[in-house]
Amino acid sequence: MKANKLAVFIVTTYISFISTAHASAPQPVFSPEQEARIGEIAADYLVSHPEILVTVSKNLQDQQQARKQKMFALSVMENQASLLHDPDTPAVGPENAEVAVIEFFDYQCMFCSRFAPELEKVMKAQPDVRYLFKEWPIFGGRWEASRQAAQQGLTVWQKQGPQAYITYHNAIYATGHNEGKLTAQDIQGAASKAGLTTPVPGDHTSSLEKNSNLAEALGLTGTPGIIVMPVSGATPDTITVFPEAVTADRLQAAIRKANQVK
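Residues numbered from 1 in each chain as written. Predicted model: local features only at pLDDT ≥ 70, side-chain atom pairs only at ≥ 80, totals over all residues. Heavy atoms only, no water.

> So what's going on with the side chain of Thr89? Which residues, and what values?
Residue placement: Thr89 occurs in the loop between α4 (80–84) and β1 (91–92). For Thr89, a relative accessible area of 3% corresponds to the buried category. Once residues lying within four places of it in the same chain are set aside, the contact partners of Thr89 are Leu132, Phe133, Lys134 and Trp157. (Helix = DSSP H or I, 4+ residues; strand = E, 2+ residues; numbered from the N terminus. Buried < 20%, exposed > 50% of the residue type's maximum accessible area, 1.4 Å probe, protein only. Contact = heavy atoms within 4.5 Å.)

> Account for the sheet that holds strand β4 (residues 225–230), naming residues and giving values.
One open sheet accounts for five strands, arranged β1-β3-β2-β4-β5; its pairing is mixed. Single-partner strands in this sheet number two, and they are β1 and β5 (240–242). (Pairing = 2+ DSSP bridges.)

> Which residues make up the packing of helix α6 (residues 144–160) against helix α7 (residues 162–174), and what are the values?
Between α6 and α7, whose axes approach to 7 Å, the crossing angle comes to 155°. Looking at the two axes, α6 sits roughly antiparallel to α7. For the element pair α6 and α7, the recorded crossing hand is right-handed. Here α6 contributes Ala149, Gln152, Gly153, Val156, Trp157 and Gln160 to the contact with α7, which in turn contributes Pro162, Ala164, Tyr165 and Tyr168. Its residues assigned to classes, the contact of α6 with α7 shows seven nonpolar, three polar and no charged. (Axes fitted to C-alpha atoms, helices over the stretch in contact; angles between N-to-C directions. Parallel < 35°, antiparallel > 145°, perpendicular 65-115°, else oblique. Left-handed = near helix turned anticlockwise from the far one by under 90°. Nonpolar A, V, L, I, M, F, W, Y, C, P; charged D, E, K, R; others polar.)

> Any details on helix α2 (residues 32–48)? Residues and values, ideally.
Relative to the 24 Å expected for 17 residues at 1.5 Å per residue, α2 spans 25 Å between its end C-alpha atoms, a close match to the ideal helical length. Where α2 is concerned, the buried positions are Ile38, Gly39, Ala42 and Tyr45. For α2, the buried positions fall inside an angular range of 135° around the axis, keeping them on one side. For α2, the exposed residues lying more than 90 degrees away from the buried face are Pro32, Glu33, Val47 and Ser48. (Expected span 1.5 Å × (residues − 1). Arc of directions from axis to C-beta.)

> I'd love a proper account of helix α5 (residues 110–125), names of residues and values included.
End to end, α5 covers 24 Å across 16 residues, agreeing with the expected 22 Å (1.5 Å per residue, within 8%). Approximately 30° is the largest bend angle found in α5, and it occurs at Ala116, with the proline Pro117 only one to four residues beyond. At its buried positions, α5 is contacted by β1, β2 (99–105), β3 (130–135), α7, β4 and α10 (248–258). (Bend = angle between axes of the 7 residues up to and from the residue.)

> Tell me about the state of the cysteines, and name the residues and values.
All told, the structure shown has zero disulfides when counted by the stated rule. No disulfide involves Cys109; its nearest neighbouring cysteine sulfur is the one of Cys112, lying 3.0 Å away. (Disulfide = S-S within 2.5 Å.)

By themselves, these figures tell us nothing about what the structure is for.
Structure representation (structure tokens):
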């Protein structure tokens, strides 16, 4: 077992050294002879124990994920005001909450649709958290309903308030119509459920552009993009960014981590 751990360390160190040498151009850590010998040791061991590549690969993936999370967290800290205090962003939950969950989403996104019931579970289980919804219709160029649904949602928020917005939000996803299947009738029906007797989408183009610019600044490349963070005193260690749909359990774990700020 000790030999295996040593081999993993040697191989991981060697691969990391080779992959970063050209990018960072540090002073040489090993001489050419030492580097060649390390390569020989790693290669010989891998020939005898190819299963070690699985462990090495996982270690490298974990390192890459940690670096990616830190970059996300630093971007979040640079944009805290826009994330947490934008008056044009629909928000649900106590204003004095200690933790915020922020979602960038598109009503036509299949993965957002899968995440919606998971988020609904968490909102019921964690009513002390503040939930913010960043309408980001990235599929608007392909499906007009994507943009129309976002525009209507922001109108519901402005005219009817937070609980009506959640009713609308969940009603859209409850149709199960995504990837181009959402209709104008679906949107009107959801708005009616939220209390708008004469649904009118309104024009919130500036808000949608603001959300798009913010998502780009954060490094998000698609929907959903989910951020969990303390409302105050955030650090990279207490921020979690999910650039993908997650389960309710993973989201609640991130909330617990964010709630460690004292």
